[in-house]
Amino acid sequence: MNTQFFAAWIQEIASAVRAQRDHLTQLDAAIGDADHGANLDRGFAAAGEALAGASPQTPGALLVLVGSTLIRKVGGASGPLYGTAFREMGKLLGDTAEVSPGRLADALNAALSGVQRLGAAAEGDKTMVDALAPAVRALARAVQEGLKTEEALDAAAAAAEEGAKATIPLQARKGRASYLGPRSVGHEDPGAASTALILGALRAAGSR
Ligand code: ADP
Ligand code: MG
Ligand code: MG
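Residues numbered from 1 in each chain as written. Chains lettered and ligands numbered in written order. Predicted model: local features only at pLDDT ≥ 70, side-chain atom pairs only at ≥ 80, totals over all residues. Heavy atoms only, no water.

(A) Structural context of the pattern of salt bridges. Applying the stated rule across the entire model yields 10 salt bridges. One salt bridge connects R173 with D125, and the closest N-O pair in it is separated by 2.7 Å. Here R173, found in the loop between α8 (149–165) and α9 (190–206), pairs with D125, found in the loop between α6 (101–119) and α7 (129–144); they are 48 residues apart in sequence, far enough to count as distant. The exposed category is assigned to R173, whose relative accessible area is 53%. Salt-bridge contacts for R203 lead to E161; the nearest nitrogen and oxygen are separated by 3.2 Å. Within this pair, whereas R203 is found in helix α9, its partner E161 is found in helix α8, the two being separated by 42 residues in sequence. The exposure class of E161 is partly exposed, given its relative accessible area of 39%. Among the ionic contacts, a cluster of salt bridges with common partners joins R18, R21 and D41. (Salt bridge = Lys/Arg side-chain N within 4 Å of Asp/Glu carboxyl O. Helix = DSSP H or I, 4+ residues; strand = E, 2+ residues; numbered from the N terminus. Buried < 20%, exposed > 50% of the residue type's maximum accessible area, 1.4 Å probe, protein only.)

Next comes the structure, spelled out in structure tokens:
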């Protein structure tokens, strides 16, 4: 996976977020403040523009630029969290020109660590971590089993989707939704849903 692949990933995220903007906002309306779709749409559109302007030459530089743009453009909780995730991925990849599936798994693991360092959410707290953590595990397992890149990305995307759906019966213990206490039960977490979109976009970039 080269710089072009990661640029395709960001494009796929931007269009998936644009298409699901209202859905993400509805999820956030139920247990938050109804801005998650708008936040991410603004952020990933800006990330696309930043990439077009700067043409980063390595996957690492590209991901760091995306992360910095998200931190700058997305307000709320998700901006710094997703911004950190992309920056940590980029930092881990360094100057590597061609990223193997194993290295991508390491990068996603660094993203997860960054999110948890900043937000202190554990799995089961009903946050983006509930989609990201199983995706990281699924990708690492697929790599260990020697699956093809496409199949490995497929496994990661499926695990993220499953993790997002599994937030529905949970009570939120982090972020704005936690203020609702037991009333947060019965709704999918918006950040977990957007993480599933981001992993789905990775699969889409892999099958382009
Ligand atoms: P805000 O809640 O500030 O309006 P967003 O609506 O853009 O920000 O993002 C909300 C999402 O951020 C939540 O659905 C949750 O997945 C994620 N989130 C919030 N706090 C945390 C945290 N401490 N750790 C991980 N994810 C979090
Ligand atoms: Mg919100
Ligand atoms: Mg907000």
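Moving on, there is more to tell.
(B) Quick look at the site of ligand 1. In the neighbourhood of ligand 1, 20 residues make up the surrounding shell, with H36, A77, S78, G119 and D189 lying closest. One of the side-chain nitrogen or oxygen atoms of N39 is found 2.9 Å away from an oxygen atom of ligand 1. S78 has a polar side-chain atom sitting 2.6 Å from an oxygen atom of ligand 1. Taken by itself ligand 1 offers 570 Å² of open surface, and the protein chains cover 92% of this. Those elements that provide at least two residues to the shell around ligand 1 are α3 (36–54), α5 (78–93) and α9. (Near = heavy atom within 4 Å. Polar contact = N/O pair within 3.5 Å; in protein donor to acceptor, adjacent residues only side chain to side chain. Areas by Shrake-Rupley, 256 points an atom, 1.4 Å probe, with all protein chains shown as cover.)

(C) The arrangement of the environment of A138 in detail. Looking at the element boundaries, A138 is found in helix α7. Ignoring any residue separated from it by four or fewer positions in sequence, one finds A138 in contact with A155, A156 and A159. (Contact = heavy atoms within 4.5 Å.)

(D) Examining helix α2 (residues 21–31) more closely. Among the residues making up α2, those that are buried are L24, L27, D28 and I31. Looking straight down α2, one finds its buried side chains confined to an arc of 95°; they lie on one side. For α2, exposure combined with an orientation more than 90 degrees from the buried face picks out D22 and Q26. Its buried side turned inward, α2 meets α3 and α9. (Arc of directions from axis to C-beta.)

(E) The arrangement of the packing of helix α1 (residues 3–19) against helix α4 (residues 59–73) in detail. One way to put it is that α1 packs onto α4 with a least axis distance of 8 Å and a crossing angle of 25°. With respect to α4, the axis of α1 lies roughly parallel. The interaxial crossing formed by α1 with α4 has right-handed handedness. Between α1 and α4, the residues in contact are T3, F6, A7, W9 and I10 and P59, L62, L63 and V66, respectively. Split into classes, the residues belonging to the contact of α1 with α4 amount to 8 nonpolar, 1 polar and no charged. (Axes fitted to C-alpha atoms, helices over the stretch in contact; angles between N-to-C directions. Parallel < 35°, antiparallel > 145°, perpendicular 65-115°, else oblique. Left-handed = near helix turned anticlockwise from the far one by under 90°. Nonpolar A, V, L, I, M, F, W, Y, C, P; charged D, E, K, R; others polar.)

(F) Region of the structure containing the nonpolar core. F6, W9, I13, F86 and L199 are the most contacted members of the largest nonpolar core, which has 56 residues in total. Non-local contacts of F6, meaning those with residues more than four positions away in its chain, are made with M1, P59, L62, L63, L93, V99 and L104. (Core = buried A, V, L, I, M, F, W, Y, C linked by side-chain atoms within 4.5 Å.)

(G) Representation of the coordination of the magnesium ion (ligand 3). Those protein atoms acting as donors to the magnesium ion (ligand 3) are D33 (OD) and D35 (OD), and they sit at 2.0 to 2.2 Å. The two metals, the magnesium ion (ligand 3) and the magnesium ion (ligand 2), are separated by 3.5 Å and share D33 as a common coordinating residue. You can call D35 partly exposed: its relative accessible area is 24%. (Donors = N, O, S within 2.8 Å, 3.2 Å for Na, K, Ca; no water.)

(H) Just the confidence of the model for the protein chain, in detail. The pLDDT averaged across the protein chain works out to 97; a share of 100% of its residues lies at or above 70. The ipTM value of the predicted complex is 0.99, and its pTM value is 0.98. (pLDDT = per-residue confidence, 0-100.)

(I) Local environment of the packing of α6 against α7. Where α6 meets α7, the closest approach of the two axes is 9 Å, and the angle between their N-to-C directions is 155°. The orientation of α6 with respect to α7, classified from their angle, is roughly antiparallel. In terms of crossing hand, the pair formed by α6 and α7 is left-handed. Contacts between α6 and α7 involve P101, G102, L104, A105, L108, N109, A111, L112, V115 and Q116 from the former and V129, L132, A133, V136, L139, A140 and V143 from the latter. Classifying every residue of the contact of α6 with α7 gives 14 nonpolar, 3 polar and no charged.

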